[in-house]
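# A closer look at the structure
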Amino acid sequence: SLGDGGIDSNSQWPVAVDLTDITGDKNITAVGAFHYTSYAITGSGKGIGWGYDHYDGLGVGAASSAARPKMLDYSNVTGDQTVLRFAESGYRYQSCLLTTAGAPYCWGINDTGEAGVGNNSRLSRPTAVSRTPIAGDKAFRTITIGSQHGCGVTGDGTPYCWGSANNGRIGTGVNGTTTYEPAA
């Protein structure tokens, strides 16, 4: 996923990422290289991604890998769309972003509820993590994704997790179940 337009290309030297398909602001302020995909944030706060789109893990709205960066599909994002940071599972096909307003959005395989959207349906574009079960400050300060679960910390310092609770990984005291929405 070099983003230089080549399919399955490799380079022992740095190559420039090809921003030909990006409209608007092409000034990149942050970049992250993950297991199968790479993401960047433009100067205007929009997210772009490139790489392997297995199980809709790229977030561009259509199941197709991208040899060059594409704009994320924001059709499910409401309110502030300025990306603060990205998170991606290093092992599976799941990604998330956090907006500057503290709204978490996830997409990808979601077969164990690791997107936190209330179900285990595959998601091809950023979709809001359910904040219905959260009491108090519903804005997240941070978000992270494991192989089959996700976690975040809200503005009041409360940690929430969701997804597969196998081996106690979501910290709710229950083992072997799935939680489709954030639980403290």
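Above: the structure in question.
Heads up: these notes are all about the structure in this document. (Residues numbered from 1 in each chain as written. Predicted model: local features only at pLDDT ≥ 70, side-chain atom pairs only at ≥ 80, totals over all residues. Heavy atoms only, no water.)

Attention now moves to the environment of Cys161. In this fold, Cys161 is placed in strand β11 (residues 159–164). Given a relative accessible area of 11%, Cys161 falls into the buried group. As for Cys161 and Glu181, which are separated by 20 residues in sequence, their C-alpha atoms are 7.9 Å apart. Beyond its immediate chain neighbours, meaning those up to four positions away, Cys161 contacts Gly150, Cys151, Ile170, Glu181, Pro182 and Ala183. (Helix = DSSP H or I, 4+ residues; strand = E, 2+ residues; numbered from the N terminus. Buried < 20%, exposed > 50% of the residue type's maximum accessible area, 1.4 Å probe, protein only. Contact = heavy atoms within 4.5 Å.)

The next thing to look at is the state of the cysteines. One pass over the full model with this rule turns up two disulfides. Covalently, Cys96 is tied to Cys106 through a disulfide, its sulfur atoms 2.0 Å apart. On the sign convention where negative is left-handed, the bridge of Cys96 and Cys106, at about 100° about the S-S bond, is right-handed. Here Cys96 is found in strand β6 (residues 94–99), whereas its partner Cys106 is found in strand β7 (residues 104–108), with 10 residues between them in sequence. (Disulfide = S-S within 2.5 Å.)

The final tally for this structure, using the stated rule, is seven aromatic pairs. Centroid distance Tyr36 to Tyr52: 5.5 Å. Interplanar angle 50°. Geometry classified as tilted. You can see Tyr36 sitting in the loop between β1 (28–33) and β2 (37–42) and its partner Tyr52 sitting in the loop between β3 (47–51) and β4 (66–71), a full 16 residues away along the chain. Here Tyr39 and Phe86 contribute two aromatic rings whose centre-to-centre distance is 4.7 Å and whose plane-to-plane angle is 20°, an arrangement assigned as stacked. Of this pair, Tyr39 sits in strand β2 while Phe86 is found in strand β5 (residues 83–88), placing the two residues 47 residues apart along the sequence. There is no split in this pair, since Tyr39 and Phe86 are both buried. Counting every residue linked through ring pairs, the aromatic cluster contains Phe34, Tyr39, Phe86 and Trp107. A cation over an aromatic ring shows up here: Lys46 above the ring of Tyr74, its NZ or CZ 4.7 Å from the ring centre. (Phe/Tyr/Trp six-rings, centres within 6.5 Å; stacked < 30°, edge-to-face > 60°. Lys NZ or Arg CZ within 6 Å of the ring centre and 35° of its normal.)

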